[in-house]
Amino acid sequence: EPEVTQTPSHQVTQMGQEVILRCVPISNHLYFYWYRQILGQKVEFLVSFYNNEISEKSEIFDDQFSVERPDGSNFTLKIRSTKLEDSAMYFCASSESMNYGYTFGSGTRLTVV
Amino acid sequence: GENVEQHPSTLSVQEGDSAVIKCTYSDSASNYFPWYKQELGKGPQLIIDIRSNVGEKKDQRIAVTLNKTAKHFSLHITETQPEDSAVYFCAGLNQAGTALIFGKGTTLSVSS
């Protein structure tokens, strides 16, 4: 079964450093998403991306966040200057259609120290 | 924007019993309602979904029912097994239809 692949599985970074989280969506999917989950809490929407541009972003997705599809297979989330409160699981998802069938990756656990 | 409320936050059942988790949504234009299962340390996995043109959908021991008038939908798991123990999330689309908005999750514990 096709899957969404995320790397790394765990990243530890110093406060103020930049991090890039990587995702390989399912190959025939056209819509891409990033979500985050703070430990023990619900899954929160960050951003959706289609046709090389952001479709929607949440209040969480401020100027320190950016997304990019640098080539035909990768989809990245960059956090420019990490804060302690950015510590969370970050999930990438993709879907073939805009409004159904989201498939999630296994996530990257980001720890900011 | 869409708001999805989920109840209960925790649910404990005996193996073989049924489990029901309910969600309400705010946007009457919403038309897609998935349920995800999340096991410890893993990403959410889609287990069943329903579109607004049907009232019920079943897949073996799992079913989802939708009441558009009351704006709520429910996940039903019959003959629960210990491996059903996980966190379950309902979701609905935001107003623009460009993202899923999740409920707060229900931790289901099935004891044998």
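So, a few notes on the structure that sits alongside this text.

A short note on the interface of chain B and chain A
- On the chain A side, the residues contacting the 21 residues of chain B number 19 residues.
- Here chain B and chain A share an interface that buries about 1600 Å² over both sides, 58% of which is from carbon and sulfur atoms.
- Together, Pro44(B), Thr98(B) and Phe102(B) form the three largest contributors to the area buried by chain B at its contact with chain A, with a combined 30%.
- There are seven residue pairs in polar contact (both at pLDDT 80 or more) connecting chain B and chain A.
- Looking at the side of chain B that touches chain A, the elements that each hand over two or more residues are strand E4 (32-38), strand E5 (45-51), strand E9 (86-93) and strand E10 (100-102) of chain B.
- Among the residues forming the side of chain B that touches chain A, the class breakdown is eleven nonpolar, seven polar and three charged.

Re the sheet that holds strand E7 (residues 65-68) of chain A
Residue and element names in this part refer to chain A.
- The four strands are arranged E1-E3-E8-E7 in an open sheet whose pairing can be described as antiparallel. The sheet terminates laterally at strand E1 (5-7) and E7, the two strands that pair on one side only. Geometrically, the sheet is characterised by an average inter-axis angle of 20° between neighbouring strands, direction not taken into account.
- Judged from the five bridges that link them, strand E3 (residues 19-24) and strand E8 (residues 75-79) form a sheet pairing that is antiparallel.

Section: empty space enclosed by the protein
- A complete count under the given rule lists one cavity of 30 Å³ or more for this structure.
- Looking at the largest cavity, its volume works out to about 30 Å³.
- Looking at the largest cavity, the residues that line it are Tyr31(A), Phe32(A), Tyr33(A), Ser48(A), Phe49(A), Tyr50(A), Ser55(A), Met98(A) and Thr98(B).
- Looking at the lining of the largest cavity, the elements that each hand over two or more residues are strand E4 (31-37) and strand E5 (44-50) of chain A.
- Considered class by class, the residues forming the lining of the largest cavity number six nonpolar, three polar and no charged.

About the thresholds
Residues numbered from 1 in each chain as written. Chains lettered and ligands numbered in written order. Predicted model: local features only at pLDDT ≥ 70, side-chain atom pairs only at ≥ 80, totals over all residues. Heavy atoms only, no water. Contact = heavy atoms within 4.5 Å. Buried area = accessible area lost by both parts, 1.4 Å probe. Polar contact = N/O pair within 3.5 Å; in protein donor to acceptor, adjacent residues only side chain to side chain. Helix = DSSP H or I, 4+ residues; strand = E, 2+ residues; numbered from the N terminus. Nonpolar A, V, L, I, M, F, W, Y, C, P; charged D, E, K, R; others polar. Pairing = 2+ DSSP bridges. Axes fitted to C-alpha atoms, helices over the stretch in contact; angles between N-to-C directions. 1 Å grid on protein atoms, 1.4 Å probe; cavity = no way out; pocket = protein on both sides within 12 Å on 5 of 7 lines; lining within 4 Å. Points joined across faces, edges and corners; volume = space filled by probe spheres on them.

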